[in-house]
Amino acid sequence: MVSIQVAGHVCVDLTPRLRSREVIVPGELTEVGPIEVRMGGTISNCARAIGQLGAEVFLSGMVGDDDLGLISRRHLEDAHPGHVELIVHPTAATSYSVVVCVPGEDRSFWHHTGANDEYRGEGALQPRSILHFGYPTLCPAMCADSGRPIVDLFERAHAQEGATSLDLAYLARNSPLRAIDWDLLFARVLPHADVFCPSWDDIASCLPGIDPVFDRARIEERARAFIAQGAAMVLITAGKHGAHLATSDTHALGRLARLTGIDAEEWAGQSIWDPAILVERQTDQPLDSNGAGDTFKAAFLVALTRRARPRQAIRFASEVVGKKLLRRPLATELPGA
């Protein structure tokens, strides 16, 4: 089976257990629950899912020369022994997120990009592998010169008979990367991307004038625009509304087909919506939504390595996320076509 290499954003997630919204009261001591320390970012989230689905996965990223960097290496090596390459930056701090989970409300994040600011695609690449890079929106150096470092990274992967995948993260309102012309970056990078798999929220945060409110027609239009800019395959996730898959022609899909064995003719010219799986839970059972988007993209890539048909691949990704949300063993068999 074709391996998958995940490169780019890596961080440590620090999640204190909060009992109420009254957690920041100046001058007062507020009791909270224990803190959970786990690896976050595209590297850890995707690799965790890929490994649990039985595929071979390699990891490549950058950390700082600090305690969080040591924690990152230990956690990732324990989970993926011998498959981790973390470059240590001598001055930048390791990236971290404080995940604020207030009971009954959606999560919010305090994020420090840290050593990801300096990441430029360094590290060895696995030959004949799918290289999945995320996220340029949190890796400023990769966005220099309208994404030239991403192009260089993807060209290196293609030179080793591999394929490429690109994912985004939400672009924060106070991020300096708001000044980038993201449409220009996509025009330069997407001709080198065999799979482009952002969420609709991520897209709306990057491109001016796009309403993040779900609109099926607008999502389909934007997917076609990304195909026109050169992406071979576009997968846009929209949370509870499901996901949309659009594909280019057989020529553009040729590299993925040669690597994974998918049928380029069957995959060409697709425009598919797959509904999100309705997840039912017991009232006392928390949903594990941490990294759900990364899990979806990882499962989709694994489906490609198993020569899935188009509807199989996107449904498989949905089923895997449904299992993850309920903290159950991930689905491993491809659904019926």
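Named according to an unreviewed UniProt entry, the protein chain is Carbohydrate kinase originating from Pauljensenia hongkongensis.

Draft legend 1. Main features of the environment of Leu168. As for its position among the elements, Leu168 is in the loop between strand S9 (163-166) and helix H4 (182-189). Of the residues examined, Leu168 reaches a relative accessible area of 2% and is grouped as buried. Once the C-alpha coordinates of Leu168 and Asp294 are considered, the two residues, 126 residues apart in sequence, prove to be 10.0 Å apart. Leaving out residues up to four positions away in the same chain, Leu168 has contacts with Tyr135, Pro136, Thr137, Phe186, Phe196, Pro198, Asp202 and Cys206.

Draft legend 2. Quick look at empty space enclosed by the protein. All chains considered together, the criterion is met by one cavity of 30 Å³ or more. Of the pockets and cavities examined, the largest cavity occupies roughly 40 Å³. The wall of the largest cavity is formed by Gln5, Leu125, Gln126, Ser129, Ile130, Leu131 and Ala157. Looking at the lining of the largest cavity element by element, the count peaks at three residues for strand S8 (residues 129-134).

Draft legend 3. Geometry of the packing of aromatic side chains. For the structure shown, the criterion picks out seven aromatic pairs. Pairing Phe186 with Phe196 gives two aromatic rings, centres 5.5 Å apart and planes at 55 degrees, and the pair type is tilted. Of the two residues, Phe186 sits in helix H4 while Phe196 sits in strand S10 (residues 195-196), which places them 10 residues apart along the sequence. Each member of the pair Phe186 and Phe196 is classed as buried. Among the aromatic residues, ring-to-ring pairing joins Trp182, Phe186, Phe196 and Phe226 into one connected group.

Draft legend 4. Local environment of the nonpolar core. Formed by 53 residues in total, the largest nonpolar core has its most connected members in Ile50, Met233, Trp267, Phe300 and Leu304. Top element by residues in this core is helix H9 (residues 292-305). It accounts for nine residues. Ignoring any residue separated from it by four or fewer positions in sequence, one finds Leu304 in contact with Val195, Met233, Leu256, Thr260, Ile262 and Trp267. Counting residues in hydrophobic clusters, the runner-up holds 43 residues, among them Tyr119, Leu166, Cys206 and Leu207.

Parameters at a glance
Residues numbered from 1 in each chain as written. Predicted model: local features only at pLDDT ≥ 70, side-chain atom pairs only at ≥ 80, totals over all residues. Heavy atoms only, no water. Helix = DSSP H or I, 4+ residues; strand = E, 2+ residues; numbered from the N terminus. Buried < 20%, exposed > 50% of the residue type's maximum accessible area, 1.4 Å probe, protein only. Contact = heavy atoms within 4.5 Å. 1 Å grid on protein atoms, 1.4 Å probe; cavity = no way out; pocket = protein on both sides within 12 Å on 5 of 7 lines; lining within 4 Å. Points joined across faces, edges and corners; volume = space filled by probe spheres on them. Phe/Tyr/Trp six-rings, centres within 6.5 Å; stacked < 30°, edge-to-face > 60°. Core = buried A, V, L, I, M, F, W, Y, C linked by side-chain atoms within 4.5 Å.

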